[in-house]
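# An overview of the molecular structure
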Amino acid sequence: MALPQGVTDYLNENAQNNGAQSPGPADDLFQAGVLDSFALVDFIGVLESETGIKVPDADVKAANFQTLEAIERYVETRRG
Amino acid sequence: MAAYITGSGHYAPEQSISNEEIADRLGLEAEQIFKSSGIRRRRWAAKGTTTSSLAAEALKLALEDAGLKAEDVDYVLFGTMTPDRFIPGSSPAVQKTLGLREVPCLDIRATCCNALYGLQVARALVASGAARRVAVCLAEIQSAFLDLSPASGTISMLFGDGASALVVSDEKTDGALEILDVHLATDGTYVDDLGMRCPGTEFGTARSYSPAEHAEDFAARMVGQSVILQASRKIVAACQTVLERNGLQAADVRWMVPHQANANLLAQVARGLKFPTAEGGVISVLEDYGNTSSASMGIALDVLRRSNRIRPGERLLLPAFGAGFTWGAGLCAA
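Right, let's walk through the structure included here. (Residues numbered from 1 in each chain as written. Chains lettered and ligands numbered in written order. Predicted model: local features only at pLDDT ≥ 70, side-chain atom pairs only at ≥ 80, totals over all residues.)

### Describing the overall build of chain A
Each helix and strand in chain A was counted, giving 3 helices and 0 strands. Order of helices (α) and strands (β) in chain A, N terminus to C terminus: α-α-α. Computed over C-alpha atoms, the radius of gyration of chain A comes to 11 Å, within 12% of the 12 Å expected from 2.2 N^0.38 for 80 residues, which places it in the range of a compact globule. Overall size of chain A, expressed as C-alpha extent along the three principal axes, is 35 × 25 × 20 Å. For chain A, the residues scored as buried account for 24% of the 80 residues in total. (Helix = DSSP H or I, 4+ residues; strand = E, 2+ residues; numbered from the N terminus. Rg over C-alpha atoms; globule rule 2.2 N^0.38 Å. Buried ≥ 20, exposed ≤ 12 C-beta atoms within 10 Å, placed from the backbone.)

In structure tokens:
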């Protein structure tokens, strides 16, 4: 399952704003400078609106959103 | 019966410590501290200063502001994480220092939400008729507990000492703020992500559990990422809850007076609520005081009240988040 274009666009724009490369599927988004803790909160809002999933507070941890692959897996899990 | 904040005061130790003065010891750059927190300096009390002495000074100012005398107080609440003594609480020390009557004195340990818990309890006391003039004291001397080494640099850079006090009364006076609502919540799942483990019965006291061998358990601990992620979401949700149940939206609120945790977090919350920041509506005293935990919301509220910028009818939103985790939001109206 591919992530919606709006999700990848958001991450690519963040990367560009932070002087980082557009992330590959397995790149660590935090180490690459694409996300930090504050940006992750905004990103989850984008993810929820673009995919229709609801991210409960208990799932708001970096491990679930570390890479594009991890985000895809997480979205699939939430869609059940 | 309605309850009103009729007086406020704040007091901080004289000694102001700049980022430049502590950056080397903490293994950080001064500008890095400011960028990641919005803090440029903080007050640290001289050795031997008690938390209750700061609170007593703040309460004197709050009583003067409310036009009351010490003998008018009929209940004392005291919120702190850094009490004068392990037992008893610090409120009896304020009662003695200010010569208050033999009134009930209750300490609250709800960390950075102490102001909100204090307002909720004070409002309930007034509404029930159990008290007419409640002194809510909020104070910290955190500098005494900080590890000033690089190992704790990103924690110790944040915290300052200070006190605030609010007088909650059943009488509406000029400049009074009605406490319309307080919403509070807790999730103990995160108990280890922010706080201090020892001394206590879970891990031990200095007699049973060596501070030398377990120094990390006797020091402040903070999982920064967890705090930021949970605080950002839970504060916004709490604000939305308190607004919705009062039939309001963020645009109906003129002032946001948050717990002063971190400037970036305040900005995130304002963004999450779509709260207008351009008109100076988010009150921050972080730059000069740092994070004074229990005291911070009261300090910010007192600074705002004394600026004479609050107009009749304006609403104030008071969000907070602290160790526990516990979080919430209060709503007041001028």
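### Notes on the nonpolar core
Residues and elements named next belong to chain B. Residues Ala55, Leu59, Val136, Cys137, Ala165 and Val168 are the most contacted members of the largest nonpolar core, which totals 119 residues. The greatest single-element share of this core, amounting to 10 residues, is contributed by helix H7 (residues 224-244). Each of domain 1 (4-174) and domain 2 (178-333) gives at least three residues to this core. When residues no more than four places from it in sequence are discounted, the contact partners of alanine 165 are Ser8, Gly9, Ala55, Ala58, Leu59, Ala62, Ala135, Val136, Cys137, Leu138 and Gly298. (Core = buried A, V, L, I, M, F, W, Y, C linked by C-beta atoms within 7 Å. Domains from an automatic or database assignment. Contact = placed C-beta atoms within 7 Å.)

### Topic: H7(B)
End to end, H7(B) covers 30 Å across 21 residues, agreeing with the expected 30 Å (1.5 Å per residue, within 8%). Within H7(B), the axis deviates most sharply at B:Ala231, by approximately 25 degrees. (Expected span 1.5 Å × (residues − 1). Bend = angle between axes of the 7 residues up to and from the residue.)

### Points about the interface of chain B and chain A
Contact residues are listed per partner, giving 9 residues for chain B and 8 residues for chain A. When contributions to the side of chain B that touches chain A are tallied by element, the ones reaching two or more residues are H7 and helix H8 (263-273) of chain B. For the side of chain B that touches chain A, the element with the highest residue contribution is H7(B), accounting for 7 residues. Residues belonging to the side of chain B that touches chain A are distributed by class as follows: 2 nonpolar, 5 polar and 2 charged. (Nonpolar A, V, L, I, M, F, W, Y, C, P; charged D, E, K, R; others polar.)

### Details of the pairing of strand E7 (residues 162-169) of chain B
Residue and element names in this part refer to chain B. Within E7, 8 of the 8 residues are buried, which leaves it mostly tucked inside the rest of the structure. Residues Gly162, Ser164, Leu166 and Val168 line one face of E7 and the alternating positions Ala163, Ala165, Val167 and Ser169 line the opposite face, and both faces are buried. As paired elements, strand E1 (residues 4-11) and E7 share 7 bridges and run antiparallel to each other. Each residue of the ladder has a partner; that of histidine 10, found in E7, is serine 164. Sheet topology note: the strand E6 (residues 133-140)/E7 ladder contains 8 bridges and is antiparallel. Within the sheet, the bridge partner assigned to glutamate 140 lies in E7 and is glycine 162. (Pairing = 2+ DSSP bridges.)

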